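The chain contents come next:
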Amino acid sequence: MARGEFQLEVLENFIGGLNFRSDQFNLAKDESPDLLNVVVDPRGGIRQRDGIDRRNTTALSADVKGIWALYTEGGTNHLMVNYGTAVAYSASVNFTNITGITARTSGSRCYGMTMNNIAYAVSHDKPSFRWNGSAAADLGTTLDGSAGNFPQAQYVAFWNNFAWVANTRESSTNYKYRLRWSNANDPEKWSASDYVDIDKGEHGDQITALVPMGDRLLVFKTNSVHAVYGFDSDSFQVVTLTNDVGSVPLSSPVSTTYGTFFWYADQGVYVYDGQNFIPLFTKISPAIDDGRIDNLVSNPPQLAWGNNKLYVSVDWTEAGSTARRTFIYDPTLGQGGAWVMSDIDAGPLYAYRPPNSSSTVFAGCEANTGVVIDVEDAQNRATDRYASSTTTHITSYFTTPWIQGKNAIVKKRWGRPRVVLSAESTLTLPINVYKDYDKSAQTQSVNLSITAKTSDSRWGTAKWDDSDESSAYVAKWDAIARDLTADIVNLPTLGTAKSISMKVNGPSTDNHWEVNALAFTYTPRRLR
């Protein structure tokens, strides 16, 4: 190679996602050490996430603790929540309190499920109850096969034509290791002998979740996972799958086509694929170790699955302040999937899947008391809306790994980077430049600008063949989902450094943007 010849380093995809590893020298070219409110496009670009939107215009009086749903064959679909001492339902927008049941203990959490066109919910220390879409009632606790009963418990599930409850409370005594099942196809009839105590007294382990998974019901405990197989009381059997991992209490493991995801202790997210328990949080776990991901017991992580992505909300403590952060995992990206992080205010999460209707993921807010939000991406919203008429700007950014060419210690003269950028309108992305593996202070600031392209060839404007509206031959251009302008933008030269990193910040305006690639040119200097 001739002396002084430019060399090229290209970041052409970002499918590695977020990686918090302290050894930033070993990050892959498609990973980022720091990002917020961006998602990775399956084609490799990185873009601002879509905004969230509130479901209820009138906030409830306390934080939502539990979310579940009623689905009926007749088309009644209710999103249900518990907050304070109340339980409420929403058919479309605002929530209406349910009457006729015992008040819940303030701060407790309900878990619910639908069976035989009726929603059943439990909250451990209060009577379980039913809701059919128009009336609610407490249920008794008699376990003799008579009608109108449902045990008090913390967790509930529907599997294999039976209702299941776990971590029960019977005659004022807590059985944290007990699993019960109803009569077949009758969730309001229970027999006293239909139960199993799973590893009673084993290291103080308690049941922490029930998750149907195909031919088995997964029973999570704090430090173990078990599976129930069978078809009736005579054939049900419990098999221990592992004593090495489990789920934190009052979390929400989810079953998906990729396996069952859950949060284990201070280790983060795992997935059970039917054969193995696989850790998925290795890249994010440094944030647990240094305390940024916080309060794993007092305010446990919550999980939900929607739009082929896993949503995980956690407490995040930084600079002395704690707020909720939501991580999003896409298992289809790269090797082993990719994580991104958002500042979405999400406590409990729930995948709402009404039959023959659009599905989404709802969350109960914590900072925005009494608000339930739709958090699912890909809905073309440029701002967040927690209040009924107030929108919030989405602050977004991502940081590249260190770009060091073929030699990490040789100084280089960096030329003009090129950025492949897409945006909906004219906007400016501020960029901070860092050099020589030092993120303590930026060495340079530049602006990345794109000018929207205008055209008359748009919906309802351009016509061809015949411009006469009354003509049978009039034709118009079709609509497009987003008015994206794509361009390759040159930035100023970056000077001399061993390595370069860039933090691309989103615009101050409420517009979508996407970076598809970055190209860096440099000339190595002679090592002396």
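Refer to the structure presented above.
The notes below deal with the structure included here. (Residues numbered from 1 in each chain as written. Predicted model: local features only at pLDDT ≥ 70, side-chain atom pairs only at ≥ 80, totals over all residues. Heavy atoms only, no water.)

## Observations concerning the overall build of the chain
Applied cut-off: Put simply, DSSP marks the helices as runs of H or I at least four residues long and the strands as runs of E at least two long, and each gets a number from the N terminus on. The buried label applies to any residue whose accessible area, calculated with a 1.4 Å probe on protein chains only, is under 20% of its type's maximum; exposed applies above 50%, and partly exposed to all values in between. The criterion used for residue contact is that any of the two residues' heavy atoms lie within 4.5 Å. Per-residue and other accessible areas follow the Shrake-Rupley method at a 1.4 Å probe size, with only the shown protein chains counted as cover for residues. We treat Lys and Arg as the positive residues and Asp and Glu as the negative residues; His and chain ends play no part in the count. Lys charges are placed at NZ, Arg charges at CZ, Asp charges at CG and Glu charges at CD.
Helix and strand counts for the chain stand at 1 helix and 46 strands. Here the chain holds 528 residues, and 53% of them are scored as buried. Put simply, 58% of the contacts in the chain that link residues at least 6 apart link residues at least 24 apart. Accessible surface, the chain as shown: approximately 23000 Å² in total, 45% of it carbon and sulfur. Between the mean site of the 47 positive side-chain charges and the mean site of the 55 negative ones, the chain shows a separation of 8 Å.

## Some points on the nonpolar core
Where we set the bar: Nine residue types can take part in a nonpolar core, namely buried Ala, Val, Leu, Ile, Met, Phe, Trp, Tyr and Cys, and a core is a set of them joined through side-chain atoms within 4.5 Å.
Of all hydrophobic cores here, the largest spans 76 residues; its most connected members are Trp263, Ile293 and Phe327. In contact with Ile293, not counting residues within four places along its chain, are Trp263, Phe281, Ile284, Ala287, Ile288, Val314, Asp315, Trp316 and Phe327. Of all hydrophobic cores here, the second largest spans 29 residues; its members include Phe162, Trp181, Trp190 and Val228.

## Some points on unusual backbone geometry
Positive phi is not limited to glycine here, since Asn37 has a value of about 60°. Mapped onto the elements of the fold, Asn37 is located in the loop between β4 (35-36) and β5 (38-40). For Asn37, a relative accessible area of 0% translates into the label buried.

## With respect to the side chain of Ser32
The cut-off we apply is this: Under this definition, polar contacts are N or O atom pairs within 3.5 Å; protein pairs additionally need one hydrogen-donor-capable and one acceptor-capable atom, and for neighbouring residues in sequence, both atoms have to be side-chain atoms.
By the secondary structure assignment, Ser32 is in strand β3 (residues 31-32). Looking at Ser32, its side chain comes within polar contact range of the main-chain oxygen of Thr399, at 2.6 Å. In this structure Ser32 touches Gly17, Leu18, Asn19, Leu27, Phe398 and Thr399, once residues within four positions along its chain are discounted.

## Structural notes on the layout of surface pockets
In this approach the atoms are scanned with a rolling probe the size of a water molecule, which exposes any empty space left behind. Test applied: The method works on a 1 Å grid over the protein atoms by themselves. A cavity is a set of points holding a 1.4 Å probe that cannot get out, a pocket is an open set with protein on both sides within 12 Å along at least five of seven lines, and residues with an atom within 4 Å of a point line them. Grid points are joined across faces, edges and corners, and a volume is the space filled by probe spheres set on the points.
Approximately 850 Å³ is the volume attributed to the largest pocket. Along its surface, the largest pocket is lined by 31 residues, and Gly112, Leu210, Pro212, Pro253 and Tyr350 are the ones closest to its centre. Elements with a minimum of two residues in the lining of the largest pocket: β8 (64-71), β12 (111-115), β16 (152-159), β20 (207-213), β24 (254-256), β29 (302-306) and β33 (349-352). Ranked by the residues each element gives to the lining of the largest pocket, the list is headed by β20, at 5 residues.

## What to know about the packing of aromatic side chains
Here is the rule we go by: Stacked, edge-to-face and tilted labels apply to pairs of Phe, Tyr and Trp rings (six-membered ring for Trp) whose centres lie within 6.5 Å, assigned for plane angles under 30 degrees, over 60, and everything in between, in that order. Only when the NZ of Lys or the CZ of Arg is both within 6 Å of the ring centre and within 35 degrees of the ring normal is a charge said to sit over the ring.
Under the counting rule described, the total for this entry stands at 35 aromatic pairs. Both rings, one in Tyr264 and one in Tyr270, keep their centres 6.0 Å apart while their planes meet at 85°; by these two values the pair is edge-to-face. Tyr270 carries the same exposure label as Tyr264, and that label is buried. Residues Trp414 and Tyr522 carry aromatic rings whose centres are separated by 5.1 Å and whose planes lie at 45° to one another, so their mutual orientation is tilted. You can see Trp414 sitting in strand β37 (residues 412-414) and its partner Tyr522 sitting in strand β46 (residues 513-524), a full 108 residues away along the chain. The exposure class of Trp414 is buried, given its relative accessible area of 2%. Here the aromatic cluster, defined as three or more aromatic residues joined through ring pairs, consists of Phe20, Tyr258, Phe261, Trp263, Phe281, Trp305, Trp316, Phe327, Tyr329 and Trp339. Positioned above the aromatic ring of Tyr397, the side-chain terminus of Lys503 is 4.2 Å from the ring centre.

## Here's the deal with the sheet that holds β8
Rules: Between any two strands, at least two bridges found by DSSP are needed for them to pair.
Taking strand neighbours across the sheet as the criterion, the 4 strands line up as β8-β9-β10-β11 in an open arrangement whose pairing is antiparallel. Each end of this open sheet is capped by a strand with a single partner; those strands are β8 and β11 (96-97). Both β8 and strand β9 (residues 77-83) contribute to a ladder of 7 bridges, which runs antiparallel. Residue pairing across strands places Gly66 opposite Asn82, the latter belonging to β9.

## Comments concerning empty space enclosed by the protein
Using the following cut-off: Gly is placed with the polar residues, together with every amino acid not listed as nonpolar (Ala, Val, Leu, Ile, Met, Phe, Trp, Tyr, Cys and Pro) or charged (Asp, Glu, Lys and Arg).
This model, assessed by the stated rule, comprises 3 cavities of 30 Å³ or more. Volume-wise, the largest cavity comes out at about 60 Å³. Forming the walls of the largest cavity are Val39, Val40, Lys309, Ile328, Tyr329, Asp330, Leu333, Ala338 and Val340. Where the lining of the largest cavity is concerned, the elements lending two or more residues are β5, β31 (321-330) and β32 (338-342). Per-element accounting of the lining of the largest cavity gives the leading share, 3 residues, to β31. Residue classes in the lining of the largest cavity are distributed as 7 nonpolar, no polar and 2 charged.

## What to know about the pattern of salt bridges
In plain terms, the rule: The term salt bridge refers to a side-chain nitrogen of Lys or Arg lying within 4 Å of a carboxyl oxygen of Asp or Glu.
Evaluation of the coordinates by the stated rule reveals 17 salt bridges. In this structure, Lys29 and Glu9 form a salt bridge, with 3.9 Å as the shortest nitrogen-oxygen distance. One end of the pair, Lys29, is in the loop between β2 (17-18) and β3; the other, Glu9, is in strand β1 (residues 7-11), and 20 residues separate them in sequence. For Glu9, a relative accessible area of 14% corresponds to the buried category. Of the charged contacts in the structure, one is a salt bridge between Arg178 and Asp197, with a shortest N-O distance of 2.7 Å. Residue Arg178 is located in strand β18 (residues 173-181), and its partner Asp197 is located in strand β19 (residues 195-197); the two are separated by 19 residues in the primary sequence. For Arg178, a relative accessible area of 8% translates into the label buried. One continuous salt-bridge network, built from bridges that share partners, spans Glu170, Arg178, Arg180 and Asp197.

So yeah, pure geometry; function would need other evidence.
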